[in-house]
Structures are given as C-alpha cells and as structure tokens.
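Listed below, chain by chain, are the residues.
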Amino acid sequence: MKDVRPIRTPDDLEWALAEVEPYFDHPPQANSPEADRFDILSDLIEAYENRTVDLPAADPIDLLTFYMQTTGRSQADLAEVLGSRPRASEVLRRKRALTLDMINRIRQAWHIPADSLIAPYALVA
C-alpha cells in the first residue's frame, strides 16, 4: 500500500487530509487498493481527531432544532413525540427543560442519541 503512516502531529494530519481529499471528487473503486488506502487514512484521521480535538457539547435545543429542520420535522411532530403541543413549544422556546422521559421519547422516535440531549443548556425566564 502506497505511503500510509501514523498521524501524530498537526503536520501529519495536514498530509493525511491532503491525501484523502482527491478521493472525495473521484471515489476509488470498491475493494481496490486505493479504496483500502482511503479507509485506512480516514480511520487514522478520525482516531487522531478523537484524541486531540476537544469539541464542546452541542446545545441540546439547537441540536433538536437543527435535526427537525434537516429532516423536515415540525413542532407538531415534536408535540406528537412528547405528547403535548404546549410542552413542545415550551421546550423549543427554552421555557421548559427536557426531562429524562422526554429525552427517551425523542431517542426512541427519532434515533437521536440520548447523550446529545442531556448536556446542560440555559432556560429563559
């Protein structure tokens, strides 16, 4: 396999990203050495980023709103999951905190990981 090496530094990361970038425009043929190289480099990039990049937890309400927008869901759909239109409205307006029961319902209905919805966020008075 052509030139694959560990990613230990930001320079190594830049090299690996430059190596995989052409594959986005011209994907390698499945089960080819180039496809294997792409998979390995992608895994190495992900492992390096998981070790070195500390992303803050996303705001649960922002995440929920983004999910609803990108999947074409509405506040009425959230109300159906939560069992109440006023409750859905209060959650989205940050007047009511998500409870564990609400988080579990959303997780089951929409397959959003529960840990994404548990992070602290500010309510408005």
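It should be emphasised that the depicted structure is a prediction, and the values quoted were computed from it without experimental measurement.

Reading guide: rules and limits
Residues numbered from 1 in each chain as written. Predicted model: local features only at pLDDT ≥ 70, side-chain atom pairs only at ≥ 80, totals over all residues. Heavy atoms only, no water. Helix = DSSP H or I, 4+ residues; strand = E, 2+ residues; numbered from the N terminus. Expected span 1.5 Å × (residues − 1). Buried < 20%, exposed > 50% of the residue type's maximum accessible area, 1.4 Å probe, protein only. Contact = heavy atoms within 4.5 Å. Polar contact = N/O pair within 3.5 Å; in protein donor to acceptor, adjacent residues only side chain to side chain. Phe/Tyr/Trp six-rings, centres within 6.5 Å; stacked < 30°, edge-to-face > 60°. Lys NZ or Arg CZ within 6 Å of the ring centre and 35° of its normal. Core = buried A, V, L, I, M, F, W, Y, C linked by side-chain atoms within 4.5 Å.

## Quick notes on helix α1 (residues 10-25)
Inference 1: The end-to-end C-alpha separation of α1 is 24 Å, in line with the 22 Å expected for 16 residues at 1.5 Å each.
Inference 2: Restricting attention to buried positions, one finds in α1 the residues Asp-12, Leu-13, Trp-15, Ala-16, Val-20 and Tyr-23.
Inference 3: On the buried face of α1, the contacting elements are α2 (33-52).

## A word on the environment of Val-4
Inference 1: Tracing the chain through its elements places Val-4 in the segment before α1.
Inference 2: Classification of Val-4 by relative accessible area gives partly exposed; the value is 31%.
Inference 3: Residues Val-4 and Pro-120, 116 residues apart in the sequence, show an inter-C-alpha distance of 41 Å.
Inference 4: Leave out the neighbours within four places in its chain, and Val-4 touches Trp-15, Arg-37, Ile-40, Leu-41 and Leu-44.

## Quick word on the side chain of Arg-94
Inference 1: Mapped onto the elements, Arg-94 comes out in the loop between α5 (85-92) and α6 (100-110).
Inference 2: At 3.0 Å, the side chain of Arg-94 and the side chain of Asp-62 are in polar contact.

## Things to note about the packing of aromatic side chains
Inference 1: Under the defined criterion, the tally for this structure stands at three aromatic pairs.
Inference 2: Ring geometry for Phe-24 and Phe-38: centres 5.9 Å apart, planes at 90°, overall edge-to-face. Of this pair, Phe-24 sits in helix α1 while Phe-38 sits in helix α2, placing them 14 residues apart in sequence.
Inference 3: With a relative accessible area of 56%, Phe-24 lands in the exposed category.
Inference 4: Among the aromatic side chains, those forming a connected cluster through ring pairs are Tyr-23, Phe-24 and Phe-38.
Inference 5: Lying across the ring of Trp-15, Arg-5 places its NZ or CZ 3.9 Å from the centre.

## A short note on the nonpolar core
Inference 1: If you look at the biggest cluster of nonpolar residues, it comprises 18 residues, and the most contacted ones within it are Leu-64, Leu-78, Leu-98, Ile-106 and Trp-110.
Inference 2: Of all elements in the fold, only α3 (60-71), α4 (75-82), α5 and α6 reach the threshold of two or more residues within this core.
Inference 3: Membership of the second largest hydrophobic core comes to 10 residues, among which are Ile-7, Ala-16, Phe-38 and Tyr-48.

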